[in-house]
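Here is how the chains run, residue by residue.
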Amino acid sequence: MTRDHSLSALQESGGVEGLSALLRTNLETGIDGDEEDLLRRRTGFGSNTYPRKKSRSFWVFLWESWQDLTLVILMVAAVLSLFLGIKTEGLKEGWYDGGSIAFAVIIVIFVTAFSDYKQSLQFQSLNEEKRNIHLEVVRGGRRIEVSIFDLVVGDVVPLKIGDQVPADGVLISGQSLSIDESSMTGESKIVHKDHKAPFLMSGCKVADGYGTILVTAVGINTEWGLLMASITEDTGEETPLQVRLNGVATFIGTVGLSVASTVLIVLIIRFFTGHTKNPDGSVQFIAGKTSSKSVINGVVRIFTIAVTIVVVAVPEGLPLAVTLTLAYSMRKMMADKALVRRLSACETMGSATTICSDKTGTLTLNQMTVVEAYIGGSKMDSPGEISEIPSSMLSVLFEGIACNTTGSVFIPENGDVEVTGSPTEKAILAWGLEMGMNFKDCGRKSKILHVFPFNSEKKRGGLALLLDNGEVRIHWKGAAEIVLSSCTKWVDQRGELVPMDNDSISRFRKYIEDMAEKSLRCVAFGFRPYQYRDVPGEEERERWALPEDDLILSAIVGLKDPCRPGVKEAVCRCINAGVKVRLVTGDNVQTAKAIALECGILESGTTSEPTVIEGRTFRAYSEIQQENIAGEILVMGRSSPNDKLLLVQALRRRGEVVAVTGDGTNDAPALHEADVGLSMGIQGTEVAKESSDIIILDDNFASVVKVVRWGRSVYANIQKFIQFQLTVNTAALAINVVAAISSGDVPLNAVQLLWVNLIMDTLGALALATEPPTDHLMDRPPVGRSEPLVTKIVWRNLIVQALYQVIVLLALNFGGDSILHLQGETEEHANTVKNTFIFNTFVLCQVFNEFNSRKPDEINVFSGVTSSRLFMMIVGITVVMQIMIIQFLGKFTSTVRLSWKLWLASSAIAFVSWPLAALGKLLLFPERPFRRKRDLASETR
């Protein structure tokens, strides 16, 4: 019935009422909702989940890791070396070189595969969290919040504008309910739903109005479920930073390949011209005398040297570092109440120069209470004063509160009254109940003819009621000054109608301004009688524009929504970090200004236009004028969704990187247009969440600031790793190339370089890419869109470190015998000791280089290092493994054991790199702290 949208089948079942009886559902109170009932329904009709395609296994990642061309070449070289070694030196000694290379390559492959697999699982769990939508259902007569996965057939689900239809269903009742079915049909046409077209499809969005549906199919039994089951979530999204780094890696790899090719040609020429010697001083190749086996062995050894140069030159760890950083940041941001929907938003947020923030629920708690009320033209100090107001006037006001609402009231037999709905609706309903309103009685005495749902453009909503005495009354509720402008009369305390003259208008406006200056949200109630004969017939009623003029003002209320604790400090942190915060709200300008002053967005005395502006004023400017003044705007009140979009567009044209917060359906265009859209997880509609890049799970502005901090951390960690890796690349390349060309041999052999490659590509990426953000990041200006990845600071640190390592290690290579007092040793043993010492010193230099890379712009690189447990653990693992390689695995790595004196010497050489780095930071491009004029001004005061 549901899949075919068969109206005849529905009618044969007795309509919605008959269908609900078959499903054992009460259309008003829903299902019972006990565990036994839910289990029976899931067993009979299925759960609201659908089978997912299995994620890629570890073995798939392992297979992909084998595909790296340089590693394949190394494996071929290892097999050849193994074969020739066993043939020339026997099985006992001949397998060391080839076996060591093969083992090192296997370790690199396994570590890379494990890292990629782990990040894939992380992204998958975050994607599951994105799909876990929470919604309200009616069970046992009350509205409760459940996960979309817990929905069952027979559930009664209320829907409002911006919601996603959670399952296939049939409309029970609705007012102006329109559905965007483009996600299912591919057509952008909005479809109106009523008793003639009652079927709703899962996955579609509510474009307008509100209604209630009876769930008839869930999970795989819906079209949406079938569609989603056939789609695999793509977790391989490449962010702009990853694309840039892939380009950098390709360029460096090309340079490395060119250098390796040059070295290969030079070494082959040296070998065949008799310039390459064995450790005992004999020439390796003599034409006509050297056996073919020795020639092949020598060529394979040269080939292996060239390939290992490529391995150490290709920065395979760069893309891995981005993946690690993004995965780590996404997991930590989740703990900080931010769910990342699009990976690219992580890094873009670090470049944000301005945040256009919503007011309600973001800067404020979104816990509304009515604190002031004007009824009958005078202020009511307490609900108890209601006895002085005529009952006829109160009944009209209660009618407007109880009927013109999307909220509801549940009165249990025992216990407190439960009020549900948006915070504004809950506050007004609670106020009405406090004054003695009977919610159910108001509903029973009238019938709703037509509803105009609350509209962000018009800032009000209304409805037409048919009363039990046959009269029709139209009620409006909305922004106080807008409803007031439509009123021609008001009701005094005696219940008599008084014309709305200039004095009355001035007095009511004064009430509104006074409340707005106290940062209260002002809501007014108006009504008017209407002739039933003028109401359009049922067919035309859906297109009826409710009369909104000639209203009678019944009440004005002020709702308090206090600022969130810590918001002022969060705003201050943003401003100090060079990120300008702008308040864009649909509320009264005076209310917006009061909140902005309270939050620190505005300073007293800076409240003139265009710093504080109304949406309609900004809208009236030309495009060029909007662009010119956009940078000065700090508060925009009474803004429509289109005004917010215009402001975002104007700011982006000025070159700003714009982040926008929003929670409503009408915020979707601005969220989509912004560089980073941040929707609210609690009050946000599904349409807003779908249009956003990041969901703020606690609706708190302080969490937005944490997102900025994490965004900057992503960029900073990548730069740290670039500095670390390029230093290793440059030093290793320079040492091996110079040594190979000058002497025909290299101090760092294939296995040693593979070990360095493992440190550089995987452990280094893990250590530096998972550094937590520091407060220092918020003392810098935002990173520009076009700022290079390798900055002056990175170049300074890279050159100082790489130059020091190259000079020291080449000095050891060419003068190591005398420096290490090895003249009395055999040449072969002396060379092995010297090369072992060079390898050990080079690795320890990289350990200290990791510390230097942690703080690229600070002198004390050890500050806060103990708080980063993962970093310390990785450094510890690196050092322990290095000791094992030198002291216990010498046969496999062509090294010998070093004495404690040589270990101390290696450590001392490596440690000297720290004061050298500190000296470079003091002399070359010393970074000056980023200070805002505002800080300096406050210090002066």
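Model, not experiment: these values are computed from the prediction.

Asks: Hey, could you run me through the overall build of the protein in this one?
Replies: Of the regular secondary structure elements, the protein holds 34 helices and 26 strands. The dimensions of the protein, computed from C-alpha atoms along their principal axes, are 120 × 75 × 50 Å. Considering the protein as a whole, with its 941 residues, one finds that 54% of them fall into the buried category. Looking at the protein alone, contacts between residues at least 24 apart form 72% of all its contacts between residues at least 6 apart. Placing the 93 positive and 105 negative side-chain charges of the protein at their respective mean positions leaves the two points 6 Å apart.

Asks: Any chance you could explain the pattern of salt bridges here in plain terms?
Replies: Side-chain pairs of opposite charge can arise where the charged atoms are in close proximity. By the definition in use, this model includes 35 salt bridges. Among the ionic pairs, lysine 445 bridges to aspartate 441, the shortest N-O distance being 3.3 Å. For lysine 445, a relative accessible area of 44% corresponds to the partly exposed category. What makes aspartate 441 partly exposed here is its relative accessible area of 25%. Several salt bridges converge on common partners, so that one network encompasses Asp37, Arg40 and Arg41.

Asks: Explain the environment of valine 875 to me, please; I cannot follow it from the model alone.
Replies: Relative to the helices and strands, valine 875 is located in helix α30 (residues 869-888). Not counting the four nearest positions on each side in its chain, valine 875 is found in contact with Val847 and Phe851.

Asks: Can you walk me through the nonpolar core in this structure?
Replies: Inside soluble globular proteins, nonpolar side chains tend to come together where they are buried. Membership of the largest hydrophobic core comes to 68 residues, with the highest contact counts inside it found for Phe839 and Phe842. With 13 residues, the top contributor of residues to this core is helix α27 (residues 750-769). Once residues lying within four places of it in the same chain are set aside, the contact partners of phenylalanine 842 are Val728, Ala731, Ala732, Ile735, Leu748, Val756, Gln805 and Leu809.

Asks: Honestly, the sheet that holds strand β25 (residues 676-680) in this entry has me stumped. Any pointers?
Replies: By definition, the strands of a sheet pair up through backbone hydrogen bonds, in either a parallel or an antiparallel sense. Pairing is mixed in the open sheet, where eight strands are placed in the order β8-β26-β25-β24-β9-β21-β23-β22. Looking at strand neighbours, the two that pair on one side only are β8 (338-340) and β22 (612-614), the edges of this open sheet. The average undirected angle you get between the axes of adjacent strands in this sheet is 20 degrees. Both β22 and strand β23 (residues 635-637) contribute to a ladder of three bridges, which runs parallel.

What counts and what doesn't
- Residues numbered from 1 in each chain as written.
- Predicted model: local features only at pLDDT ≥ 70, side-chain atom pairs only at ≥ 80, totals over all residues.
- Heavy atoms only, no water.
- Helix = DSSP H or I, 4+ residues; strand = E, 2+ residues; numbered from the N terminus.
- Buried < 20%, exposed > 50% of the residue type's maximum accessible area, 1.4 Å probe, protein only.
- Contact = heavy atoms within 4.5 Å.
- Lys, Arg positive; Asp, Glu negative; His and termini not counted.
- Charge placed at Lys NZ, Arg CZ, Asp CG, Glu CD.
- Salt bridge = Lys/Arg side-chain N within 4 Å of Asp/Glu carboxyl O.
- Core = buried A, V, L, I, M, F, W, Y, C linked by side-chain atoms within 4.5 Å.
- Pairing = 2+ DSSP bridges.
- Axes fitted to C-alpha atoms, helices over the stretch in contact; angles between N-to-C directions.

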